[in-house]
Amino acid sequence: ALGLAAVLSLILPQLLQRRREPQLLSLSVMLRDTDSSGWTVARQGMEQAADELGAELRFLTLAAAGDSEEQAALLLREIEDGAAALVVVPADPAALSAALDPWLVVCPTVTLESPMEGAAGVVSPDNALLGEKLAEALLEDWDGGEVLLLDTAGRCAGVSARLAAAEERLAAAGVPVRREAELAEDSPRWVMSFEPSVTQRAAEKREAEGREFTLYGVGSAAAVTAQLERGNIAAVAAWSDYAAGYLAVRRAVNAVRGTEGMLSPLPFSILREEDIYAPENQKLLFPIMSSSSR
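Keep in mind that this is a model prediction, so the values were computed, not measured.

**Student:** Explanation requested: the pairing of strand E3 (residues 85-88) in the structure shown.
**Tutor:** Each regular strand carries side chains that alternate between the two faces of the sheet. In E3, alternate side chains face the same way, and those of Ala85 and Val87 on one face and Leu86 and Val88 on the other are all buried. For E3 and strand E4 (residues 109-112), the ladder comprises 3 bridges, and the chain directions are parallel. The residue bridging Val87 from the neighbouring strand is Val110, located in E4. Assessed by its sense of winding, the connection that carries the chain from E3 through helix H4 (residues 93-100) to E4 is right-handed.

**Student:** What should I look at first to understand the packing of aromatic side chains in this one?
**Tutor:** One pair of aromatic rings is described through two measures. These are the centre distance and the angle between the planes. Here the structure, examined in full by the defined rule, presents 1 aromatic pair. Judged by centre distance (5.8 Å) and plane angle (15 degrees), the ring pair of Tyr277 and Phe286 falls under stacked. The class for Tyr277 is exposed, based on a relative accessible area of 51%. Taking NZ or CZ as reference, Arg43 lies 3.8 Å from the ring centre of Phe59, over its face.

**Student:** Can you help me understand the packing of helix H3 (residues 68-80) against H4 in this one?
**Tutor:** Each packed pair of helices is defined by two parameters, the angle between the axes and the distance between the axes. In contact at an axis separation of 10 Å, H3 and H4 are set at 35 degrees when each is read in the N-to-C sense. Both H3 and H4 take part in a crossing whose hand is right-handed. Residues Gln71, Ala72, Leu75, Leu76 and Ile79 of H3 pack against Leu96, Ala99 and Leu100 of H4. Here the residues of the contact of H3 with H4 sort into 7 nonpolar, 1 polar and no charged.

Basis of the calculations
Residues numbered from 1 in each chain as written. Predicted model: local features only at pLDDT ≥ 70, side-chain atom pairs only at ≥ 80, totals over all residues. Heavy atoms only, no water. Buried < 20%, exposed > 50% of the residue type's maximum accessible area, 1.4 Å probe, protein only. Helix = DSSP H or I, 4+ residues; strand = E, 2+ residues; numbered from the N terminus. Pairing = 2+ DSSP bridges. Right-handed = clockwise from strand over helix to strand, strands pointing away. Phe/Tyr/Trp six-rings, centres within 6.5 Å; stacked < 30°, edge-to-face > 60°. Lys NZ or Arg CZ within 6 Å of the ring centre and 35° of its normal. Axes fitted to C-alpha atoms, helices over the stretch in contact; angles between N-to-C directions. Left-handed = near helix turned anticlockwise from the far one by under 90°. Contact = heavy atoms within 4.5 Å. Nonpolar A, V, L, I, M, F, W, Y, C, P; charged D, E, K, R; others polar.

Everything listed here is a matter of geometry and, on its own, says nothing about what the molecule does.
As structure tokens, this is what we get:
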């Protein structure tokens, strides 16, 4: 009896402590790309929110970029394995909503970039306004000629909204436009891109091949900022990837705990080379450096 009492005196405090400790929420995160390097800063924001809010993150990637069927299948598996919530960049919002529909009540889903029916929220800039403002940046420089709109979105509604708004704004100004999926040898000298990864590749192509086109794009990743600084991008629409990741995880955790609040579109800025090192843009373009310097 004395031996049992001694054992219980050691075990019971540990058991009681575990019961008092809040259980970590399991969140599954999936992008629509195979290469997540462009989402490094967003991931840091997610991890910061998870650490503060008592969640653990499981990151998944697709075997083929933009494969909506694989994305839905993997996320359904995550739900079956006990994910409390999902954070996803949907390859096809309509198809994903239909696939997850029976589960969205028990497993809240927060999307990045594109809204999705039934989701607990979307973390994204106002995509239509962003496309319009980026087109206005081009109009400040335009002196004639056709504008190429890089149409790479597939079924991604958020990116498509950026392109459509830019096209409408340019058409209203009398600017001739055309859509193509990629740059060609005969591409016009005015080019617009609406995805960070596509903006980066177009800028790198311009630099490597000595092309003369003027590029307008999106993104605040280090690779995009470097191309802007080297003059390979005329202007970018940039928002905080760190804030996007942080807010997405916070929204997912709050949805599970029933404490959802207001979720506003992410603010964005149109930046040119001369704006990179302005004090107001430091946290936007260099969030980790800015945090470590405080």
